[in-house]
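# Residue-level structure breakdown
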Amino acid sequence: MSQEKHFETLAVRTQSETTQFSEHSVPLYLTSGFVFDDAEEMRASFAEEKQRDLYSRYSNPNVNEFVEKVCLMEGAESGYAFASGMAAVFSTFATLLDAGDHVVSCSSVFGATHGLFTKYFPKWNIECSYFNINELETIESLIRPNTKFLYAETPTNPGVDVIDLDFLSAICKKHNILLVIDNCFATPYLQNPIKHGADIVIHSATKLMDGQGRVLGGVAVGKKELIREIYLFSRLTGPAMSPFNAWVLSKSLETLAVRTEKHCENALKIAEFLESHPKVKWVKYPFLKSHPQYEIAKKQMRLGGSIVAFEVEGGVEGGRSFFDNIKMCSLSANLGDTRTIVTHPASTTHAKVEPEVKVAVGITDGSVRISAGLEHIDDIIADLKQALG
């Protein structure tokens, strides 16, 4: 019996079948379509009697390799890759939901996901009820007969709150609803929601999976029968990942473990520095002992992740001064990059979220999100220190 391979080995050694040229590194399959030997093979392939690549909107060798790696990393049965993280989110929701359905979601979600729940789904008679991260005991009271699934990010964006996956899973099993988890902030290296009972796990591959801010991508993995439905929806609607992006992302996954270790090491040191700074009101990082869900984070995550949230003293002006004084770190809305990024969620990623919702999920005018990069930690802290003044 062969020994189960470690995460790092799966990331490096999972590859598409070698061609007649015996290449060591997987080639790019930049092709829109694929050819058939005869009419019968074409018919059988499109009838799905024969499993093979037909058209790159459906599947492609580079995309297949990327998806296979993520499935192995997450412990999933199957998966499908998308052009972006939000394409993965929307396609998953659109597949699972019908007019008249209901969703229960954590209120602390990415701004674009909130926009789907509040602006577009109501047009299709789909309702969403939010629960507060600090009031998990209210979740069951929100579930209705027409509730299809429970959705959450953990850690959350941008507040890096942590939700107990075992607790959510138990509720979903009790009420026979699906559990869908956005695992983007943690990555498969730090957290595996399927092991805690999730049915589908979604990632924005644009973030730490790429790790260098180069390409967009998304992926949904989970139970085979659910992914099959997502595939059929996506085959018709066309949100597929490009072969080039899949090739870049698959190569990036080879270094995900070693990169993430360093991101987490830097993030913890940044959090510790900020926690002791007099111009910082509060700091949240899952592996800081002061984090309200520290014990849960330690239970379900390998390390604390690359994201630190904090609030600068002085409100709007304090925040503006901090951002204007940054010299080395990047001002950007992205995250999970080799370069340390500082973001003002209230005016960027969550700018279109209603003011009362921002307050409810802890996004203030002085809130800052830091994505810890791979620069030397002394240089990162020096820049933050001088920007705080």
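Bear in mind that the values here come from a model prediction, so they are computed numbers and not experimental data.

## Here we look at the side chain of Glu65
By secondary structure assignment, the location of Glu65 is in helix α3 (residues 61-74). Despite its burial, Glu65 pairs with no opposite charge, the nearest such side chain being Lys69 at 4.1 Å. A polar side-chain atom of Glu65 sits 2.7 Å from the main-chain amide nitrogen of Ser16. Excluding residues that lie within four positions of it along the chain, Glu65 makes contacts with Thr14, Gln15, Ser16, Val26 and Ser250.

## Notes on empty space enclosed by the protein
Under the counting rule described, the total for this entry stands at 3 cavities of 30 Å³ or more. In this structure, the largest cavity encloses a volume near 50 Å³. Every residue lining the largest cavity is counted, 10 residues in all, and those nearest its centre are Pro158, Gly159, Trp282, Gly362 and Ser367. Class assignment of the residues belonging to the lining of the largest cavity gives a composition of 7 nonpolar, 3 polar and no charged.

## With respect to unusual backbone geometry
With an omega dihedral of -5°, the bond running from Thr154 to Pro155 counts as a cis peptide bond. Summarising the element assignment, Pro155 is placed in the loop between β4 (147-153) and α7 (165-175). At the junction of Asn157 and Pro158, the peptide bond is cis and its omega measures out at 10° in the coordinates. Looking at the element boundaries, Pro158 is found in the loop between β4 and α7. At Val160, a position not held by glycine, the phi torsion is positive, near 45°. Looking at the secondary structure, you find Val160 in the loop between β4 and α7. Relative accessible area serves as the criterion here: at 1%, Val160 is assigned to the buried category.

## A word on the packing of aromatic side chains
Within the structure shown, the criterion is met by 17 aromatic pairs. Members of the aromatic cluster, connected to one another through ring pairs, are Phe90, Phe93, Phe117, Phe121, Trp124, Tyr130, Phe149 and Tyr151. Cation over ring: Arg235 sits above Tyr58, and NZ or CZ is 4.0 Å from the ring centre. In this structure, Arg302 packs its charged tip against the face of Tyr189, placed 4.0 Å from the ring centre.

## A look at the sheet that holds strand β5 (residues 178-182)
The sheet built from 7 strands is open, its strands ordered β1-β7-β6-β5-β4-β2-β3 with mixed pairing. One side of each edge strand has no neighbouring strand; the edge strands of this open sheet are β1 (78-82) and β3 (127-131). Mean inter-strand twist for the sheet, computed between neighbouring axes without regard to direction, equals 20°. As paired strands, β5 and strand β6 (residues 200-204) are joined by 3 bridges and run parallel to one another. Its bridge partner lying in β6, Ile181 is registered against Val201. Strand contacts of α3: β1, β6 and β7 (218-222), with the helix running at about 130° to β1, the strand carrying the most contacts.

Calculation notes
- Numbers given to residues run from 1 along each chain, matching the order in which its sequence is written.
- The predicted origin of the model limits local features to residues at a pLDDT of at least 70 and limits the giving and counting of side-chain atom pairs to 80 or more, whereas totals for whole chains, interfaces and linings rest on all residues.
- Where side-chain values are given, they derive from all heavy atoms of the structure, hydrogens and water being excluded.
- Numbering of helices and strands runs from the N terminus, with a helix taken as a DSSP run of H or I at least four residues long and a strand as a DSSP run of E at least two residues long.
- Any residue under 20% of the maximum accessible area for its type is buried, any over 50% is exposed, and the rest in between are partly exposed; the area is computed with a 1.4 Å probe on protein chains only.
- When charges are counted, neither His nor the chain ends are considered; positive counts come from Lys and Arg and negative counts from Asp and Glu.
- We define a salt bridge as a side-chain nitrogen of Lys or Arg found within 4 Å of a carboxyl oxygen belonging to Asp or Glu.
- Here a polar contact is taken to be a pair of N or O atoms separated by no more than 3.5 Å, where protein atoms must pair a possible hydrogen donor with a possible acceptor and residues adjacent in sequence count only if both atoms sit in side chains.
- Any two residues having at least one pair of non-hydrogen atoms within 4.5 Å are treated as being in contact.
- Two kinds of site are reported from a 1 Å grid over the protein atoms alone, namely cavities, where a 1.4 Å probe fits but cannot get out, and pockets, open sets with protein on both sides within 12 Å along at least five of seven lines, and residues are called lining when an atom falls within 4 Å of a point.
- Grid points are joined across faces, edges and corners, and a volume is the space filled by probe spheres set on the points.
- Under the scheme applied, nonpolar residues are Ala, Val, Leu, Ile, Met, Phe, Trp, Tyr, Cys and Pro; charged residues are Asp, Glu, Lys and Arg; polar residues are all the others, including Gly.
- Each Phe, Tyr or Trp ring, with Trp reduced to its six-membered ring, pairs with another whose centre is within 6.5 Å; inter-plane angles below 30 degrees give stacked pairs, above 60 give edge-to-face pairs, and intermediate values give tilted ones.
- Here, a charge over a ring means that NZ of Lys or CZ of Arg falls within 6 Å of the ring centre while also lying within 35 degrees of the ring normal.
- When DSSP finds two or more bridges between a pair of strands, those strands are recorded as paired.
- In this description, a line fitted to the C-alpha atoms serves as the axis of each element, helices being fitted only across the stretch in contact, and the angle between N-to-C directions of two axes falls anywhere from 0 to 180 degrees.

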